[in-house]
Each structure stands twice: as structure tokens, then as C-alpha cells.
Amino acid sequence: GAGVSQTPSNKVTEKGKYVELRCDPISGHTALYWYRQSLGQGPEFLIYFQGTGAADDSGLPNDRFFAVRPEGSVSTLKIQRTERGDSAVYLCASSLAGAGDEQFFGPGTRLTVL
Amino acid sequence: ILNVEQSPQSLHVQEGDSTNFTCSFPSSNFYALHWYRWETAKSPEALFVMTLNGDEKKKGRISATLNTKEGYSYLYIKGSQPEDSATYLCAFNNNAGNMLTFGGGTRLMVKP
């Protein structure tokens, strides 16, 4: 079956612009996660959804970052007033129910802020 | 802050060599330890999910062991092939939440 997909695969933007990154999880997976991988580091947790609600957003670095999952399927990560330090690979993962289930990852969106 | 560390950061081996890397993680509040294989421009691929102290899991030429009491896991690759070249990530799952805390990864390059 189809895996997790993310669009766009690459996004180049200018400092100060607004960007949206999209994640399509595996059908039927209730849990959805966003992670960010900066150069030379492992992925870092941003936010976790269970259904439509954000169950844990403790990893969002500041209020420029926001994510939604209005129908409990597709999720959008939104970044306002982008900064050069936001450049990273943004990974999305989904799992069947959460709570330690295997997480299936998408290929990521590489964001470059000039 | 949970500290998950992997060593070495990178490794160059010849085709046919066997190799291993280490993941260390907090020994308290353990729930699961995940290993992923991540090739450039592809999705991270799950290799193993390990939950029990003393677990040993195997998939083809790749195997992993788990020691939750001392907080480490080893990943072994027997007879490395060029297609094994990738970044190998471990991720810790504690019993307080659902998110994964990743190590920095080990980048493996296998020369033909």
C-alpha cells in the first residue's frame, strides 16, 4: 500500500516568507508526528497528533511554527517569518495508534531559507 | 532532556567487512528502542523495534541487541555491501510519551 508522502520534496524560500509543508499519512493511522533534522544532527521531535488534536506540541521551537490536522488525516506544518536557522529536512511519520507503535516515515521536505 | 548518543559518527569500511555501531540511551523509563536505516533522498526505513532487555533481532545480514539495564544497543552488519551505505539512526521511546528521541546517527560508507 501507499506509504507516507510529503510535499513538496524541496522548498527554497527567502527569509521572512511564509511556508506550508504537507504530510499525507498512511490511511488508517491515527497518530502523526513531525520531526526536523538539521545538518549533522538526528531528527528532533516537533509535534504529535492523535486524530485531529495536537497531543504534544512541546517540540515546536517558537510561535512561528504551527501545525494542523483538521480531518485527522493530512497534516500541514506552517512556518511564519522564516529564518535561515529554519533550514532543515522536515520529516513526517505516522503510526497505527501511537504509544510506541512503529512509526513509518515519509521522505521529508528539504527546506532552504536564503 | 533525554540524551541518546550514537558512535561512531561515521564509518568507512571495505565490501565484505563486518561492522557494528553503538547507541546509548537513558536506562530509566524505558519503553522501546528503534533502529532506522536512512538513505539519502529516501524515507527512513524501520529495521527493528526492541522492547525487552536481552532482545536480539535479525534481518538478513543485520542484527541488533538490547541492554536496557545499562542503556545501550548494538547494531551489527555482517559482510557489508555497497548497498548498505546509509545513515543508521537509533531512537528511544520512553514511557512518558509517544515521540521518538533520536541519536545523531552513524553514517556508513561501504567501498566496493
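Residues numbered from 1 in each chain as written. Chains lettered and ligands numbered in written order. Predicted model: local features only at pLDDT ≥ 70, side-chain atom pairs only at ≥ 80, totals over all residues. Heavy atoms only, no water.

Counting 22 residues, the largest nonpolar core has B:Phe25, B:Leu33, B:Trp35, B:Phe48, B:Leu75 and B:Tyr88 as its most contacted members. Listing elements by their share of this core, those giving two or more residues are strand 3 (19-24), strand 4 (30-38), strand 5 (45-50), strand 7 (62-67), strand 8 (72-77), strand 9 (86-94) and strand 11 (106-111) of chain B. Counting residues in hydrophobic clusters, the runner-up holds 20 residues, among them A:Cys23, A:Leu46, A:Phe65 and A:Leu111. (Core = buried A, V, L, I, M, F, W, Y, C linked by side-chain atoms within 4.5 Å. Buried < 20%, exposed > 50% of the residue type's maximum accessible area, 1.4 Å probe, protein only. Helix = DSSP H or I, 4+ residues; strand = E, 2+ residues; numbered from the N terminus.)

What follows deals with the sheet that holds strand 1 (residues 5-7) of chain A. Residue and element names in this part refer to chain A. Spatial strand order, 1-3-8-7: four strands in an open sheet with antiparallel pairing. Two strands close off the open sheet at either side, each with one partner strand: strand 1 and strand 7 (65-68). Pairs of neighbouring strands in the sheet enclose a mean axial angle of 15 degrees, with direction left out of account. As paired elements, strand 7 and strand 8 (residues 75-79) share four bridges and run antiparallel to each other. Residue pairing for strand 8: valine 68 is matched across the bridge by threonine 76. (Pairing = 2+ DSSP bridges. Axes fitted to C-alpha atoms, helices over the stretch in contact; angles between N-to-C directions.)

Hydrogen bonds between backbone groups are what pair the strands of a sheet, and the pairing can be parallel or antiparallel. Residue and element names in this part refer to chain B. The antiparallel open sheet is built from five strands, whose spatial order is 1-3-8-7-6. Every interior strand has two partners, whereas the edge strands, strand 1 (5-7) and strand 6 (56-59), have only one. Between one strand and the next, the sheet's axes are offset by a mean angle of 15 degrees, whatever the strand orientation. Taken together, the six bridges between strand 7 and strand 8 define a ladder with antiparallel strand orientation. Among the inter-strand pairings, serine 63 is bridged to a residue of strand 8, identified as tyrosine 76.

Residues and elements named next belong to chain B. Per the counting criterion, the structure on display carries two disulfides over all chains. Between cysteine 23 and cysteine 90 runs a disulfide, and the two sulfur atoms are separated by 2.0 Å. On the sign convention where negative is left-handed, the bridge of cysteine 23 and cysteine 90, at about 75 degrees about the S-S bond, is right-handed. Of this pair, cysteine 23 sits in strand 3 while cysteine 90 sits in strand 9; the two residues are 67 residues apart in sequence, bridging distant segments of the chain. (Disulfide = S-S within 2.5 Å.)

Further remarks concern the packing of aromatic side chains. Applying the stated criterion to the full structure yields 14 aromatic pairs over all chains. When the ring of A:Tyr35 is compared with that of A:Phe45, the centres are 6.1 Å apart and the planes differ by 70 degrees; the resulting orientation is edge-to-face. A residue pair is termed long-range when its members are at least 10 positions apart, and A:Tyr35 in strand 4 (residues 31-37) and A:Phe45 in strand 5 (residues 44-50) qualify at 10 residues. Centre to centre, the rings of A:Phe105 and B:Tyr36 are 5.2 Å apart; their planes meet at 85 degrees, and the pair counts as edge-to-face. Here the residue A:Phe105 occupies a position in strand 10 (residues 104-105), and B:Tyr36 occupies one in strand 4, the pair thus bridging two chains. A residue is classified by how much of its surface remains accessible, and A:Phe105, at 6% relative accessible area, is buried. Judged by its relative accessible area of 1%, B:Tyr36 falls in the buried class. Grouping aromatic residues by their ring pairs yields a cluster made of A:Tyr33, A:Tyr35, A:Phe45, A:Tyr48, A:Phe105, B:Tyr36 and B:Phe102. (Phe/Tyr/Trp six-rings, centres within 6.5 Å; stacked < 30°, edge-to-face > 60°.)

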